[in-house]
Amino acid sequence: MSLFNRKTTFKDCGFFKGLTDYHSHILPGVDDGIKILDHSLKVLEYYELNGVSTVWCTPHVYEDLPNKTETLKERFEYLKAAYSGSIKLNLAAEYMLDNEFASRLETNDLLPLGNDRDHLLVETSFFNGPENLNTLFEQILSKGYYPVLAHPERYIYMDFTDYKKWKSKKVKFQLNYTSLAGFYGKEAQKKASWLLEKGMYDVCGSDIHNVRYACDEKSLIGNMPIKSKLVTQLSELRYI
């Protein structure tokens, strides 16, 4: 049977080898992600064993959780000091497009993403986008940053017309790769497959919040099945 007529897993297909994870919540004790340093180190150990090369720590920043930039930098140094492995660690943030973000954009109090630090990982509510979404994207671009919309496949209010519109306006898309395995339900899986097949994603990430997703054999993210025809398309994602 041809490889492209069956399902494999992320681990089987070598997906992790050389991977840059652009979206993770492994910085301990700062948001709804991993709480303790030991769990952060366990995730990094698993990633290292499977060939991940780079991990971006992207803790949440929003009105009800206004993580201060300096506090996140201090916490990041704490993680780096405790980790002695081979994975390159970087710090950015995942910004909710709300009033807190607008204030930080105005003062350039930001933790950007990418090799040139000229991208901002942003998100909206899963159910309703802000009325001024287009204006916010334009403001980000006017400040010299590219908006990278986290997990667009998960936004219930967005459809395929919306995706085409935002891509035409220089918005970049970040895939939660586990969406392709149905981790967030059938609708997100359908959207993720369509966006990937259309070449609309720019980068991918785990969006990992819990050590169990990486290290518990019963819920191992690497063992999630993926349609093999998507493997090549995943490997062709551009990196920022």
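Every chain is numbered independently, its residues counted from 1 as its sequence is written. It should be noted that, the model being predicted, local features are given only for residues of pLDDT at least 70 and side-chain atom pairs only at 80 or more, the latter also being counted only at that level, while totals for whole chains, interfaces and linings use all residues. Side-chain calculation: all heavy atoms of the structure are included, whereas hydrogens and water are not.

### Focus: the pairing of strand β8 (residues 146-150)
Of all 5 residues in β8, 4 are buried; the element is thus mostly enclosed. In this sheet, β8 lies alongside strand β7 (residues 119-123) in parallel orientation, the contact comprising 4 bridges. Each bridged residue has a counterpart across the sheet, and for Leu120 the counterpart in β8 is Pro147. Call a crossover right-handed when, viewed with both strands pointing away from you, the route from the first strand across the helix to the second goes clockwise. Only DSSP runs of H or I with at least four residues qualify as helices, and only runs of E with at least two residues qualify as strands; both kinds are numbered from the N terminus onward. For the crossover from β7 across helix α4 (residues 133-142) to β8, the handedness is right-handed. One bridge is not enough; two strands pair if DSSP finds at least two bridges between them. Across 3 bridges, the pairing between β8 and strand β9 (residues 172-176) is parallel. Relative accessibility under 20% of the residue-type maximum defines a buried residue, over 50% an exposed one, and the middle range a partly exposed one, all with a 1.4 Å probe and only protein chains included.

### A few points about the state of the cysteines
Here, the term disulfide refers to a pair of cysteine sulfur atoms separated by no more than 2.5 Å. Evaluation of the coordinates by the stated rule reveals 0 disulfides. Note on Cys204: no disulfide assigned, nearest cysteine sulfur contributed by Cys13 at a separation of 11 Å. By relative accessible area, which is 2% here, Cys204 ends up buried.

### So, the confidence of the model for the chain
Confidence of the predictor in every single residue is expressed as pLDDT, which spans 0 to 100. Averaged over every residue, the pLDDT of the chain is 92; the share at 70 or more is 95%. Across residues 1-5, where pLDDT falls below 50, the model places 5 contacts with residues more than four positions away in sequence or in other chains. Should any heavy atoms of two residues lie within 4.5 Å, those residues are counted as being in contact.

### Focus: unusual backbone geometry
Among all residues save glycine, negative phi is the norm, and among peptide bonds the norm is trans. One non-glycine residue with positive phi stands out, namely His151, at about 35°. Within the secondary structure, His151 sits in the loop between β8 and α5 (160-168). On the accessibility criterion, His151 (1% relative accessible area) is buried. One non-glycine residue with positive phi stands out, namely Lys170, at about 70°. Within the secondary structure, Lys170 sits in the loop between α5 and β9.

### Here we look at the pattern of salt bridges
Salt bridges, as used here, are contacts in which a Lys or Arg side-chain nitrogen is within 4 Å of a carboxyl oxygen on Asp or Glu. This structure, assessed with the given rule, holds 6 salt bridges. The salt bridge partner of Glu70 is Lys73, with a shortest N-O separation of 3.7 Å. Remark: Lys73 and Glu70 occur in helix α2 (residues 69-82); sequence separation between them is 3 residues, near one turn of the helix. Taking relative accessible area as the criterion, Glu70 reaches 48% and is therefore assigned partly exposed. Glu77 serves as the salt-bridge partner of Lys80, at 3.5 Å between the closest nitrogen and oxygen. Placement of the pair is Lys80 and Glu77 together in helix α2, with a separation of 3 residues, close to one helical turn.

### A short note on the packing of α5 against helix α6 (residues 186-197)
Each axis is a line fitted through C-alpha atoms, taken for helices only over the stretch in contact, and angles between the N-to-C directions span 0 to 180 degrees. Look at α5 against α6: their axes get within 11 Å of each other, and the N-to-C directions meet at 40°. By the criterion of interaxial angle, the relationship of α5 to α6 is oblique. In the crossing of α5 with α6, the sense of the turn from one axis to the other is right-handed. For the pair α5 and α6, contact is made by Phe160, Tyr163 and Lys164 and by Lys191, Trp194 and Leu195, respectively. Each residue is assigned to one class: nonpolar for Ala, Val, Leu, Ile, Met, Phe, Trp, Tyr, Cys and Pro, charged for Asp, Glu, Lys and Arg, and polar for all the others, Gly among them. Here the contact of α5 with α6 is built from residues that sort into 4 nonpolar, no polar and 2 charged. Roughly parallel means an angle under 35 degrees; roughly antiparallel means over 145; roughly perpendicular covers 65 to 115; every other angle is labelled oblique. A clockwise turn of the near helix away from the far one marks a right-handed crossing, whereas an anticlockwise turn of less than a right angle marks a left-handed crossing.

### Remarks on α4
Of all the residues in α4, the buried ones are Leu133, Leu136, Phe137 and Ile140. One face of α4 carries all of its buried residues, which in axial projection span an arc of 100°. Buried residues in α4 make contact with α3 (99-107), β7, β8 and α5. Where α4 terminates, the next one or two residues include Gly144, which has phi positive at roughly 90°. The arc refers to the directions leading from the helix axis to the C-beta atoms.

### Some details on the packing of helix α1 (residues 37-49) against α2
For the pair α1 and α2, interaxial distance at closest approach is 11 Å and the crossing angle is 60°. When the interaxial angle is binned, α1 and α2 end up oblique. Handedness of the crossing formed by α1 with α2: right-handed. Facing Leu37, Ser40, Leu41 and Leu44 of α1, the residues of α2 in contact are Tyr78, Leu79 and Ala82. Residue composition of the contact of α1 with α2, grouped by class: 6 nonpolar, 1 polar and no charged.

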